[in-house]
Amino acid sequence: MRLLSKTGRRARAAVLLAVLGGLILGPGASPAHSAAAASGGAEKTGGGQWKLSREISVPEAAPYYELYLDEAVYRSAAEDLRDLRIQDSTGAPVPYYMESGAETVEEHSAVYSSALTHKAVKGTDTLLDYQIKPLAEHVDIQGNRLVFELPADSFLKHVEVWGGYDGQAWELLGTGDLYATNGLSADSITLERSYKFGYYRLVVKNNPEGLEFPGLTLVDSSREWSTAAFMRQKTPQTEIKQVENRTEIMISNTDRLKIGKVMLGSTGNFLRRYELYDSAGIKLPVTGSGELYRLDFKDTRISRTEIQPVVPAASDSLRVVIYNLDDAPISITDLKIEYLVDRLVFAGGEKTPYSLLYGNTLATAPQYDIINFKDRISGEKLVQAALGAETPVPVTAGDPPGTSWWLQGRWGFNAIIIAVSLLLILIVARKLGRTKE
C-alpha cells in the first residue's frame, strides 16, 4: 500500500509538471519558438513607443515622393533621426532613404593660366584682354571663376567681365568689385556657369590712375553645394549683451536645427574679429578670415556680416563673441539664421494616406533596400509631399505610462508567470525528493 501511495504521488507530480509546462510555453509552443517570437517583435519595432504622428499628403499619384522635414520633427525626434518611420493606411512600413543638404558632388577641377595680350584705354576705363592657355592640345577650355592678380596699392574698382572665342567678338558675362583696402581684399569674379571661352576681357571702370591687373587665372570646378532646396531661414530667439570690450550674442537652437549661416543686420562702418562657440564652449571653425566688416564708400559697399561654420552646427545654442577693442559695439538691427533640413524619398503606392511617426528614443535606425536604388531614383521625377498637423500617438494598453519596460506588453506578463511557475516546480521537486526518502 505504501508503494502504491508513493507511485500515485509521483504520477500526480508528473501531471502537475506537465500542466506547469503548458502554462509557461502555451499550447503547442516550445522554448525555441518563444525566444524567436520575442526576438522578432523587437526587430520590428526597435522597442519603445512612438509618441507623435503626422499625416503625409500627396498632391497626385507618383512612383516616388520627396518629403522635407521641418522644425517640429527635429524638436521631438531622436537627435540622429533614427526613429523616423513612414507607414501606409494599413500601418505597414513604407521604405525610404534620407538625404542631407550638406552633401557635395565633385566631378573635376582644373586651373588654367593666361597671358595678357592687349591693353587699351577707353575714356576713364581700362580694357585688359587675356588669352587662356589650354591644358592640352585638342582639349576644350572650360571655366567658371576668374582670379586676378591685384595691384599693390589700396583700391576699389567696379569691373565688367567679357568672354570670347577669338578675341574679336565679346559677350558680357557679369559685373563685380575688385578691391584691396583695410586689410580686406576681393580678387575673383564667379560666373553664373562654366564657359568654354578662350579669351576674357576685364573692363576696369573709372580707372584714370591706370591700375594694373597683370595676371588672370581661370578656374573650373564642379564642386557644388546642392543646398538650394534644403535651405530654410528663420529669426531665432537671441540675447545680446556687452561684456567688457566684447559683444556676446546667444542664439537659442532648442530644436537642434543644423545651422549653416548666421546673418547679422547692421549699420555703420566697422571691422571686427569674431569667434563662434557651441553650447559646450567649444570653438567652431568658420569659413573666411574670421572677421565681420561693413565699409560704405561713395558708390558701393564692401561687407561681410555673415558667420558660416565649416560644418552646419546643431548645438542647443550658439555663442558669437565679437571683439570691439576700444571701439563702440556694432549696431545690430536684426539677426537671422539659415539652416539645412533633410528630406525623405519614398516609393508611392495605393494605400494612402501615409503617416510619419517619430518620438521614440528606443528605436533603432531602419535598413531598407531602397537605398541601393538611390542613383536610379534620383533621375526620376519626385513629387513633393507635405506634412500635416502633429498628433499624439495613443499609448497602447500594454504600455501604461510610468510602467517599467519589463512590465510592458504580454512578454513582461509572461516573465512573471514563468518566474512563479519555476518556483512551484522547485517546491514540487523538493516534495518528490522527500517522498523518495
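Keep in mind it's a predicted model, so treat the numbers as computed, not measured. (Residues numbered from 1 in each chain as written. Predicted model: local features only at pLDDT ≥ 70, side-chain atom pairs only at ≥ 80, totals over all residues. Heavy atoms only, no water.)

### Observations concerning the overall build of the protein
So, step 1. Each helix and strand counted, the protein has five helices and 29 strands in total.
So, step 2. Expressed as a percentage of the 437 residues in the protein, the buried residues total 37%.
So, step 3. The contacts of the protein with a sequence gap of at least 6 include a subset with a gap of at least 24, amounting to 78%.
So, step 4. Approximately 25000 Å² of the protein is accessible, and the part contributed by carbon and sulfur atoms is 53%. (Helix = DSSP H or I, 4+ residues; strand = E, 2+ residues; numbered from the N terminus. Buried < 20%, exposed > 50% of the residue type's maximum accessible area, 1.4 Å probe, protein only. Contact = heavy atoms within 4.5 Å. Areas by Shrake-Rupley, 256 points an atom, 1.4 Å probe, with all protein chains shown as cover.)

### So, the nonpolar core
Inside soluble globular proteins, nonpolar side chains tend to come together where they are buried.
So, step 1. Counting 54 residues, the largest nonpolar core has Ile56, Leu84, Ile86, Phe346 and Leu356 as the members making the most contacts within it.
So, step 2. Counting 25 residues, the second-largest nonpolar core is a separate cluster that includes Leu146, Phe197, Leu202 and Leu211. (Core = buried A, V, L, I, M, F, W, Y, C linked by side-chain atoms within 4.5 Å.)

### So, the sheet that holds strand β11 (residues 171–181)
So, step 1. Strands sit in the order β7-β8-β14-β10-β11-β12 across an open sheet of six strands; the sheet is antiparallel. Unpaired on one side and paired on the other, β7 (114–122) and β12 (184–186) mark the two borders of the sheet. Between one strand axis and the next, the sheet turns by 20 degrees as a mean value, whatever way the strands run.
So, step 2. As judged from the six bridges shared by strand β10 (residues 155–164) and strand β14 (residues 199–204), these two strands associate in the antiparallel manner. Opposite glutamate 160, over in β14, you have valine 203 as the bridge partner. (Pairing = 2+ DSSP bridges. Axes fitted to C-alpha atoms, helices over the stretch in contact; angles between N-to-C directions.)

### Considerations on the environment of valine 161
So, step 1. Relative to the elements of secondary structure, valine 161 occurs in strand β10.
So, step 2. The class of valine 161 is buried, set by a relative accessible area of 1%.
So, step 3. Taking the C-alpha atoms as reference points, valine 161 and glycine 176, 15 residues apart in sequence, are found 8.3 Å from one another.
So, step 4. Not counting the four nearest positions on each side in its chain, valine 161 is found in contact with Leu146, Glu171, Leu172, Leu173, Gly174, Ile189, Leu191, Tyr200, Arg201 and Leu202.

### Considerations on the pairing of strand β15 (residues 216–221)
So, step 1. Pairing of strand β6 (residues 109–112) with β15, which is carried by four bridges, proceeds in the antiparallel orientation. Note on β15: the bridge partner recorded for alanine 110 is aspartate 220.
So, step 2. Looking at chain direction, strand β9 (residues 143–148) and β15 are connected through four bridges and run antiparallel. For leucine 146, the partnering residue across the bridge sits in β15 and is leucine 218.

### Considering the packing of aromatic side chains
So, step 1. One pass over the structure, following the stated rule, counts 10 aromatic pairs.
So, step 2. Among the aromatic residues, those joined into a ring-pair cluster are Tyr165, Tyr195, Phe197 and Tyr200.
So, step 3. The ring centre of tyrosine 68 lies 5.3 Å from the NZ or CZ of arginine 232, which sits over that ring.
So, step 4. Above the ring of tyrosine 277, the side-chain terminus of arginine 319 is found at 4.7 Å from the ring centroid. (Phe/Tyr/Trp six-rings, centres within 6.5 Å; stacked < 30°, edge-to-face > 60°. Lys NZ or Arg CZ within 6 Å of the ring centre and 35° of its normal.)

### What about the pattern of salt bridges?
So, step 1. Summed over the entire model, instances satisfying the criterion amount to 24 salt bridges.
So, step 2. In this structure, the salt-bridge partner of glutamate 209 is lysine 157, at a minimum N-O distance of 2.9 Å. With glutamate 209 in the loop between β14 and β15 and lysine 157 in strand β10, this pair connects stretches of sequence that are 52 residues apart.
So, step 3. Judged by relative accessible area, which is 49%, glutamate 209 ranks as partly exposed.
So, step 4. Residue lysine 157 is classed as buried on the basis of its relative accessible area of 7%.
So, step 5. Note that glutamate 160 is salt-bridged to lysine 205, the shortest N-O span being 4.0 Å. In this pair, glutamate 160 sits in strand β10 while lysine 205 sits in the loop between β14 and β15, placing the two residues 45 residues apart along the sequence. (Salt bridge = Lys/Arg side-chain N within 4 Å of Asp/Glu carboxyl O.)

### Here's the deal with the side chain of glutamate 248
So, step 1. For glutamate 248, the position within the fold is in strand β19 (residues 246–252).
So, step 2. Polar side-chain contacts of glutamate 248 include one of 3.3 Å to the side chain of arginine 246.
So, step 3. Once you skip the residues sitting within four places of it in the chain, glutamate 248 turns out to touch Glu239, Ile240, Lys241, Val243, Arg319, Val320 and Val321. (Polar contact = N/O pair within 3.5 Å; in protein donor to acceptor, adjacent residues only side chain to side chain.)

### Some remarks on unusual backbone geometry
So, step 1. With an omega dihedral of 0 degrees, the bond running from threonine 352 to proline 353 counts as a cis peptide bond.
So, step 2. Its location among the elements puts proline 353 in the loop between β27 (342–347) and β28 (354–358).
So, step 3. With phi around 50 degrees, asparagine 206 is a residue other than glycine that occupies positive phi space.
So, step 4. When you line up the elements, asparagine 206 lands in the loop between β14 and β15.
So, step 5. A positive phi angle, near 60 degrees, is found at arginine 256, a position not held by glycine.
So, step 6. Its place among the elements puts arginine 256 in the loop between β19 and β20 (258–267).

### Considerations on the sheet that holds β6
So, step 1. The strand order across the open sheet built from four strands is β6-β15-β9-β13, with neighbouring strands paired in antiparallel fashion. In this open sheet, the two edge strands, each paired with only one partner strand, are β6 and β13 (188–195). Along the sheet, successive strands turn relative to each other by an average axial angle of 20 degrees, direction set aside.
So, step 2. When β9 meets β13, the two strands line up antiparallel, connected through four bridges. Counted as the bridge partner of valine 147 is serine 188 from β13.

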